Every structure is written in C-alpha cells, then in structure tokens.
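Geometric and topological summary
Residue strings, one per chain:
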Amino acid sequence: MKRKNYTGTQLAFLKRVYLSMTVEDLTAAFNNEFREKKTVSAIRSALKNHKITCGREPGARLYKNNRLRIFTPEQAEFVRRNYSGRSGEELTALFNETFGENKTLQQIRTFVHNRGIVSGRTGHFEKGNTPHNKGIKGWDSGGRSKETRFKPGQRGSKWVPVGSHRITKDGIVQEKVKDSKQAGKNWKSVHEVLWEKHNGPVPKGHIVIFKDGDSSYAGIRIDNLECISRAENMRRNSIHNLPEDLVDVIRIRGVLNRHINKRSDNEKQDRRPERSSVLHHRSVAR
C-alpha cells in the first residue's frame, strides 16, 4: 500500500504538538489545523513512519485532556532516588510528605514494579540486625485462649491408643495398628490382621473375605477367612450366584426399567412433531 504523504508543514506540526498531547488529541488538532479527516490510526502510523516521538520518558505518558498519568517526571525521579534501602511503606510515607500527596502503598508498588526499580533489600536479616521479637517466648493472644490450649503431650478428644477397635459404616471391624500423622494408614481390618498373622502378607490384587459373610466379631475366625483375587470376588458376587428368587426379582426389575425408559423416549418423540407443527403454523400466520 502506498504511504500517504505529509507536507513539511504538517510534519513540523506533528513534531511540535505531539510533545504535549496524546495521539487522540493530536489527531483532533491536526484535522482542525489542516481541515483534514485523519483517523487516530493514520496519525499513529505517520508518527511511527517518520520516527516522531513525544519526547516524554517511558511511563510519563498522557491521558486525555493532557493530564499526566499519576506521577510527574520529578516524582518518578524522586522514587528512583529514594527507594534504595527503604520499604514500600517508608517510601510511600516519604513521598506523600514531600509532595503533599496521598498516594497509596499499592500505587507506589505498582510504579516501582512496572519500571523495574528495586530497593536493594533482600528480605533477609542482615548481619548485625536484631529481630524485633528477640527474647520473646511464644505469643499470647489474650482472652480465654489459655483455657483451651493443648498442654504439652495432650492429645485431641478423638485420639485412641494403638490396639483400639472401631466399626466402619460397612460393618467391618478395624484395629489401630500404628499412631502416625497419616490417619488413613493407622487402621487395618481385624480379619486381615488375623489372616496375615497365620499366612503372611496379603498378595497384591487379593483380598481377605468371610466365607459365611459374617463380618462381625463372631465371624472373625481363621477358619472362616479366605484369601481370593479381586477378579474371583467379582465373579462370586455376580447375579448367577444369588438365590434363584432374588435373581428373578432383579431380572423383573430390569425388564420394568427398560419398558419405562422406552415409553419415556416414545413420549418425547411424540411431543417433538407437535411442537414443530405449532411453530410452522405460527410462521404461516405471520
């Protein structure tokens, strides 16, 4: 695309006026001065193609109405000169006191971050510095907090010693075999403990089951336990191994569910044409 030419007078105008205006305001001033209809994009391209700059330092750009963006060049230089060795809070207080401003800590932090200004502080205690809490043992929040604090060696109300038993929601009796921070690994099924005591560790992919299905204390007997693979356990729990009467009930329930689902699908299909015909009649009426 052929670059649109600008006269020497127009380029001189852009160089002179761009020093104190935004590109938007510069476009309006240019069109008013030369009775043109340039767009902001066209003026921005002209500035770039002819290497015309605003002359302002990075970060000291203008908003509309020629207002500086938060910090003046003098303030920016003050921040650069005084940030070294100071915290953000100290710099903010010093800045506001010097210029009579009310800048927030976040505004100062954003300014120094965007311009890569660093304080030189590492965040570590330098050699020879004394922590503010040196010599202070513990922390007292006041009130009645002392009454509810754990005493040295005291445990929570739900803690139980190793060897304790509990019954899960599935009716399995478990025993606490250790007292570690991983609560889920502290408990083990009593019937597995009994099996491993007589036969060694349960092989990977296997489980210990009750032959008669009784998982209560009465069923926890070595002669009532059996170690089988998980695949074998699934086969034993299939429908073919259930009582005949129960198998018939399960099959009848499956047939009923299929009929119900089929009828629901048919009703949905029957309603669709009705809706489409109504929409058709409405469109015809229009």
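All of the points below concern the structure found in this document. (Residues numbered from 1 in each chain as written. Predicted model: local features only at pLDDT ≥ 70, side-chain atom pairs only at ≥ 80, totals over all residues. Heavy atoms only, no water.)

1. Details of the overall build of the chain
Across its full length, the chain holds ten helices and five strands. A total of 286 residues make up the chain; the buried ones form 23% of that total. Entry remark: accessible area of the chain is about 22,400 Å², with carbon and sulfur atoms responsible for 51%. (Helix = DSSP H or I, 4+ residues; strand = E, 2+ residues; numbered from the N terminus. Buried < 20%, exposed > 50% of the residue type's maximum accessible area, 1.4 Å probe, protein only. Areas by Shrake-Rupley, 256 points an atom, 1.4 Å probe, with all protein chains shown as cover.)

2. Quick notes on the pattern of salt bridges
Under the definition given, this model contains six salt bridges. Ionic pairing is found between arginine 44 and glutamate 24, a salt bridge with its closest N-O pair at 4.0 Å. Remark: glutamate 24 occurs in helix α2 (residues 23-34) and arginine 44 occurs in helix α3 (residues 40-49); sequence separation between them is 20 residues. Judged by relative accessible area, arginine 44 falls into the partly exposed class, the value being 40%. Taking the relative accessible area as the measure of exposure, glutamate 24 reaches 34% and is therefore partly exposed. Across the pair glutamate 196 and lysine 188 runs a salt bridge, and its minimum N-O distance is 2.7 Å. (Salt bridge = Lys/Arg side-chain N within 4 Å of Asp/Glu carboxyl O.)

3. A closer look at the packing of aromatic side chains
Two descriptors summarise a pair of aromatic rings, namely the distance from one centre to the other and the angle between the planes of the rings. Enumeration according to the criterion identifies seven aromatic pairs in this entry. With a centroid separation of 6.2 Å and an interplanar angle of 65°, the aromatic rings of phenylalanine 78 and phenylalanine 95 are classed as edge-to-face. With phenylalanine 78 in helix α4 (residues 73-82) and phenylalanine 95 in helix α5 (residues 88-99), this residue pair connects regions lying 17 residues apart in the sequence. For phenylalanine 78, a relative accessible area of 8% translates into the label buried. (Phe/Tyr/Trp six-rings, centres within 6.5 Å; stacked < 30°, edge-to-face > 60°.)

4. Some points on the packing of helix α1 (residues 8-17) against α2
Geometrically, a packed helix pair is captured by the angle between its two axes and the distance between the axes. Their axes nearest at 11 Å, the elements α1 and α2 cross at an angle of 145°. As for how α1 packs across α2, the hand of that crossing is right-handed. Along its contact with α1, which presents Thr9, Gln10, Phe13, Leu14 and Val17, the element α2 presents Leu26, Ala29, Phe30, Glu33 and Phe34. The class makeup of the residues in the contact of α1 with α2 is seven nonpolar, two polar and one charged. (Axes fitted to C-alpha atoms, helices over the stretch in contact; angles between N-to-C directions. Left-handed = near helix turned anticlockwise from the far one by under 90°. Contact = heavy atoms within 4.5 Å. Nonpolar A, V, L, I, M, F, W, Y, C, P; charged D, E, K, R; others polar.)

5. With respect to the nonpolar core
What tends to happen in soluble globular proteins is that the nonpolar side chains get buried as a cluster. Core analysis: the largest hydrophobic core is formed by 15 residues, its most contacted members being Leu14, Tyr18, Leu26, Ile43 and Leu47. Secondary structure elements with two or more residues in this core: α1, α2 and α3. Each residue touching isoleucine 43, except ones within four places of it in the same chain, is listed here: Tyr6, Leu14, Val23, Leu26, Thr27, Phe30 and Lys38. By size, the runner-up hydrophobic cluster in this structure holds eleven residues, among which are Ala76, Phe95, Phe111 and Ile117. (Core = buried A, V, L, I, M, F, W, Y, C linked by side-chain atoms within 4.5 Å.)

6. Comments concerning the pairing of strand β2 (residues 173-176)
Here strand β1 (residues 165-167) pairs with β2 via three bridges, running antiparallel. Within β2, the position partnered with isoleucine 167 by the bridge is valine 173. Hairpin connection between β1 and β2: a loop of five residues separates the two successive antiparallel strands, and glycine 171 in this loop has a positive phi of roughly 85°. Looking at chain direction, β2 and strand β3 (residues 187-189) are connected through three bridges and run antiparallel. From the neighbouring strand, glutamate 175 faces β3, where its bridge partner is lysine 188. (Pairing = 2+ DSSP bridges.)

7. Concerning the environment of threonine 9
Relative to the assigned elements, threonine 9 resides in helix α1. A residue is classified by how much of its surface remains accessible, and threonine 9, at 55% relative accessible area, is exposed. The spacing of threonine 9 and phenylalanine 34 is 25 residues in sequence and 9.8 Å in space, taken between C-alpha atoms.

8. Thoughts on the side chain of asparagine 96
With respect to the helices and strands, the residue asparagine 96 is situated in helix α5. Excluding residues that lie within four positions of it along the chain, asparagine 96 makes contacts with Glu101, Asn102 and Lys103.

9. Here's the deal with the environment of threonine 22
With respect to the element layout, threonine 22 can be found in the loop between α1 and α2. You can call threonine 22 buried: its relative accessible area is 6%.

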